[in-house]
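# Structure at a glance
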Amino acid sequence: MSAEGYNIAVAGATGAVGGAMLDVLNRRNFPIKQLRLLASERSVGKKLQFKGQDIAVELLSKDAFEGIDVALFSAGASRSLDFAPAAAAAGAVVVDNSSAYRMDPEIPLVVPEVNPGAIAQYTKRGIIANPNCSTIQMMVALKPIYDKVGIKRIVVSTYQAVSGTGANAIEELKNQVKAYVAGEKIINDVYPHQIAFNCLPHIDSFLDNGYTKEEMKMVNETRKIFNDSKIGVTATTVRVPVFYGHSESVNIETEKKISAEEVRALLKNAPGVKLVDKPQLCEYPLALDCAGKFETLVGRIREDESIDNGINMWIVSDNILKGAALNAVQIAEVLIKDYL
């Protein structure tokens, strides 16, 4: 690790995840020598605060990465495809938050609590991929169980906040709630149906197999992160009228028998996990409680009485933090500690 710190670029700095990256870099005291903020033309010149200093946003271009050690990307898949290779060619290691490179066999897909050793593969292309937000929180919770008794099959249903779609979706939910209360016409532009007081079993586009892209991301990314092509995964992803925090109902079938108590014991001290599991006291993970927190909350742990080796649980995490910005910064932390 450099005593002087590292030159860091944030591509997509003016977006929700870019702003969260700056917050996480600050909160975790990441060793920064120089910080370069990059965005599209319409944001150039805008000033963002970091550690009490105003930093002007510069244009995201292929020439913007000279002298950069680590580039955190949250600018969308198309811009990552355009600019991440240029950043890597300039000598930066890219940590990309988009879907652009996740399933590329030459690019590691990393959750630091789960497969930090995969980061070593960054030398192939100079790029490390951040998984999908819903995949990340599930992996954090399941890793200790996978290591202890193995997992044959995962059935997951997600209840995902509108912030996963972006700022426009947050405004749409706010406006629809206001319109409902006022008795006015409810307008939907971002989603195909009203999201206020509703649940949409539809995240991303539908594929020929009847699943959505979001659902298949969870299937394929889980197998890649665990490096286990045999594990069975099926997912149903649902958009719900919550601003921040994805919730997941997860059912697993383990290779060997494990009790609910043993699962609680495993997760009590697991990295990145906070156990919230006292249902008799109405203490269980809530989306409202995870907002702004780094931990993934796990509770409602119980044995599935319909099969021999089954466990149910409820997993909640801040989709902008652990689902995106925090995970990216944690990757960068391992990178500078062990590889740069």
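- An unreviewed UniProt entry annotates the chain as Aspartate-semialdehyde dehydrogenase of Candidatus Desulfobia pelagia.
- Its UniProt record gives the chain a comment under Catalytic activity (unreviewed entry), which states: "L-aspartate 4-semialdehyde + phosphate + NADP(+) = 4-phospho-L-aspartate + NADPH + H(+)".

### Concerning the overall build of the chain
- Assigned secondary structure in the chain consists of 8 helices and 14 strands.
- Over its C-alpha trace the chain gives a radius of gyration of 20 Å, about what one expects of a compact globule, namely 20 Å for 340 residues.
- Seen through its C-alpha atoms, the chain measures out along the principal axes to roughly 60 × 55 × 40 Å.
- Burial analysis of the chain (340 residues in total) assigns 52% to the buried set.
- In the chain, the proportion of contacts linking residues at least 24 apart, taken out of those at least 6 apart, comes to 66%.
- Of the roughly 15,400 Å² of accessible surface on the chain, 48% is carried by carbon and sulfur atoms.

### Some words on a nonpolar patch on the surface
- On the surface, Tyr180, Val181 and Phe197 cluster together into a nonpolar patch covering about 380 Å² of accessible area.
- Summarising the element assignment, Val181 is placed in helix H4 (residues 167-182).

### Some remarks on the sheet that holds strand E14 (residues 310-317)
- If you walk across this open sheet you meet the 6 strands as E10-E9-E11-E14-E13-E12, and the pairing is mixed. Across the chains shown, the open sheet's two edge strands, defined by having one partner strand only, are strand E10 (232-239) and strand E12 (273-275). Adjacent strand axes in the sheet meet at a mean angle of 25° when their direction is disregarded.
- As judged from the 6 bridges shared by strand E13 (residues 296-304) and E14, these two strands associate in the antiparallel manner. By the bridge assignment for E14, Asp304 is matched with Gly310.

### Some thoughts on the environment of Asp82
- If you trace the backbone, Asp82 turns up in helix H2 (residues 77-89).
- Residues Asp82 and Ser61, 21 residues apart in the sequence, show an inter-C-alpha distance of 9.1 Å.

### Comments concerning the packing of helix H3 (residues 133-149) against helix H8 (residues 321-338)
- At a closest axis distance of 8 Å, the pairing of H3 and H8 adopts a crossing angle of 80°. Classified by the angle their axes make, H3 and H8 are roughly perpendicular. Along its contact with H3, which presents Cys133, Ile136 and Val140, the element H8 presents Lys322, Gly323 and Asn327.

### Describing unusual backbone geometry
- With a phi close to 75°, Asp204 is a non-glycine residue in the positive phi region.
- In this structure, Asn227 takes a positive phi of about 55° despite not being glycine.
- Here Asn227 is to be found in the loop between helix H5 (213-226) and E10.
- By relative accessible area, Asn227 is classed as exposed at 71%.

### Structural notes on the sheet that holds strand E6 (residues 70-73)
- Spatial strand order, E5-E2-E1-E6-E7-E8: 6 strands in an open sheet with parallel pairing. Both edges of this open sheet fall to strand E5 (58-59) and strand E8 (127-129), since each of them pairs with a single strand only.
- Where strand E1 (residues 6-11) and strand E2 (residues 32-39) come together, 6 bridges link them in parallel fashion. Paired with Ala11 across the bridge in E2 is Leu38.
- Across the face of the sheet, helix H1 (residues 16-27) comes into contact with E1, E2 and E6 while running at roughly 155° to E1.
- Across the sheet, H2 lies against E6, strand E7 (93-96) and E8, angled at about 175° from E6, the strand it touches most.

### Remarks on the nonpolar core
- Ranked by size, the top nonpolar core spans 55 residues in total, and within it Phe65, Phe73, Leu142, Ile154, Val250 and Met313 carry the most contacts.
- If one sorts the elements of this core by residue count, H3 sits on top with 9 residues.
- Setting aside its immediate chain neighbours within four residues, Met313 contacts Ala141, Leu142, Ile145, Glu248, Ser249, Val250, Val263, Val298, Gly299, Arg300, Ile301 and Arg302.
- In this structure, Phe30, Leu48, Ala324 and Ala325 belong to the second largest nonpolar core, which totals 39 residues.

### What to know about the pairing of E7
- Of the two faces of E7, the one carrying Val93 and Val95 and the one carrying Val94 and Asp96 are both buried.
- Read from E6 through H2 to E7, the crossover connection turns out right-handed.

### Things to note about the packing of aromatic side chains
- Evaluated as defined, the whole model comprises 5 aromatic pairs.
- Both rings, one in Phe65 and one in Phe73, keep their centres 5.6 Å apart while their planes meet at 20°; by these two values the pair is stacked.
- Under the relative-accessibility criterion, Phe65 is labelled buried at 0%.
- Among the residues examined, Phe73 registers a relative accessible area of 0% and is labelled buried.

Thresholds, definitions, all that
- Residues numbered from 1 in each chain as written.
- Predicted model: local features only at pLDDT ≥ 70, side-chain atom pairs only at ≥ 80, totals over all residues.
- Heavy atoms only, no water.
- UniProt positions renumbered as here; feature names shortened; annotations may be inferred.
- Helix = DSSP H or I, 4+ residues; strand = E, 2+ residues; numbered from the N terminus.
- Rg over C-alpha atoms; globule rule 2.2 N^0.38 Å.
- Buried < 20%, exposed > 50% of the residue type's maximum accessible area, 1.4 Å probe, protein only.
- Contact = heavy atoms within 4.5 Å.
- Areas by Shrake-Rupley, 256 points an atom, 1.4 Å probe, with all protein chains shown as cover.
- Patch = residues over 30% accessible without salt bridge, like charges linked within 9 Å, V, L, I, M, F, W, Y side chains within 5 Å.
- Salt bridge = Lys/Arg side-chain N within 4 Å of Asp/Glu carboxyl O.
- Pairing = 2+ DSSP bridges.
- Axes fitted to C-alpha atoms, helices over the stretch in contact; angles between N-to-C directions.
- Parallel < 35°, antiparallel > 145°, perpendicular 65-115°, else oblique.
- Core = buried A, V, L, I, M, F, W, Y, C linked by side-chain atoms within 4.5 Å.
- Right-handed = clockwise from strand over helix to strand, strands pointing away.
- Phe/Tyr/Trp six-rings, centres within 6.5 Å; stacked < 30°, edge-to-face > 60°.

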